[in-house]
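One letter stands for each residue in the lines below.
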Amino acid sequence: MPGVVEVFHARFATYAYPAHAHRTWTVFLVDDGVIRYDLDRHPHGSDATVVSVLPPHVIHDGRPATSGGFRKRVLYVDDSVLGEHLVGPAVDHPVVTDRLLRDRLSVAHQVLDRGDALEAESRLAFVFERLRRHLRDRPSHAPATGSELAEQLRALLDDNVTGSLTLAAAGRRLGAHPAHLVRSFTRTYGIAPHAYVLSRRVELARRRLLDGEPLAEVAVGVGFYDQAHFTRHFKRYAGITPGRFVTSSRFPAPSRHR
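A quick note: this is a predicted structure, and the numbers were derived from the prediction, not measured.

(A) Region of the structure containing the nonpolar core. Core analysis: the biggest nonpolar cluster contains 38 residues, and Val77, Leu82 and Leu124 have the highest contact counts within it. Of all the secondary structure elements, the ones that give two or more residues to this core are strand E1 (4-12), strand E3 (25-33), strand E4 (35-39), strand E6 (51-54), strand E8 (70-77), helix H1 (87-92), helix H2 (99-114) and helix H3 (117-134). Listed in part, the 18 residues of the second largest apolar core include Ala125, Leu157, Ala169 and Val182.

Here it is as structure tokens:
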């Protein structure tokens, strides 16, 4: 996924990180317990109410603050997501108290677990936009607005229904931030870009199944990464599993009476 270097989920009972630094940004949630850490020799703490962001190349450590340890979910992201100009603000204010931001990031992790890349990218676009706002990042110019941008994005999605077009790539081609693309598309069509692509893939899959193509070939051919992923979304949009869809669409030949 563009900008995301690694996703890391872990529970530690007693382990304490020694002083170290990353080449990437570290954005994390604490689901259980409390983490204490020093960032650039200043003490901080994170619990289940906040989002924490640690900038690259800045020394920090980490340790449980209670005997029960802690459980966390981490994204390591590169400078295309959070630029170097935000390092200073992040050093000064690494802890962000914003319930909506935390909830959105938590849901994005759940989507990443399911493997829905375009939906995860869509959700993370809003997460990082909000996080940049907390770090006082201001865009130098306002991106294009209105239905014209949404129409341009839909044309790109239609041309790449079975491919792996990312919002980052679409944003570069259309000159708009991914979050703005999602917002414009959803406002214009009443559906998010990832949901639109899924519905188009299911539509294409129905036609191929009716043409007699094997299930496994259809799943990969329309852009799903495995059959389980395909089955889950097909049932969601068609109200029936692909296997039952195939069975129900095969009518017996009319009987012949002598």
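(B) Spotlight on the side chain of Thr24. In this structure, Thr24 sits in the loop between strand E2 (17-20) and E3. If near-sequence neighbours (up to four positions away) are discounted, Thr24 is found in contact with Val5, Leu54, Pro55, Pro56, Tyr76 and Val77.

(C) The arrangement of the pattern of salt bridges in detail. By the definition in use, this model includes 18 salt bridges. A salt bridge links Arg63 to Asp61; the nearest nitrogen and oxygen atoms lie 3.1 Å apart. What makes Arg63 partly exposed here is its relative accessible area of 29%.

(D) Structural view of the packing of aromatic side chains. Applying the stated criterion to the full structure yields 10 aromatic pairs. Aromatic pair Phe12 and Phe70: ring centres 5.7 Å apart, planes at 65 degrees, arrangement edge-to-face. Taken as a pair, Phe12 in strand E1 and Phe70 in strand E8 lie far apart in primary sequence, 58 residues in all. In terms of burial, Phe12 and Phe70 fall into one category: buried. When the centroid spacing of 4.9 Å and the interplanar angle of 55 degrees are considered together, the rings of Phe185 and Tyr189 count as tilted. Of this pair, Phe185 and Tyr189 both sit in helix H6 (residues 178-189), separated by 4 residues, roughly a single helical turn. The class for Tyr189 is partly exposed, based on a relative accessible area of 28%.

About the criteria used
Residues numbered from 1 in each chain as written. Predicted model: local features only at pLDDT ≥ 70, side-chain atom pairs only at ≥ 80, totals over all residues. Heavy atoms only, no water. Core = buried A, V, L, I, M, F, W, Y, C linked by side-chain atoms within 4.5 Å. Buried < 20%, exposed > 50% of the residue type's maximum accessible area, 1.4 Å probe, protein only. Helix = DSSP H or I, 4+ residues; strand = E, 2+ residues; numbered from the N terminus. Contact = heavy atoms within 4.5 Å. Salt bridge = Lys/Arg side-chain N within 4 Å of Asp/Glu carboxyl O. Phe/Tyr/Trp six-rings, centres within 6.5 Å; stacked < 30°, edge-to-face > 60°.

Function cannot be read off these values alone, since they describe shape.
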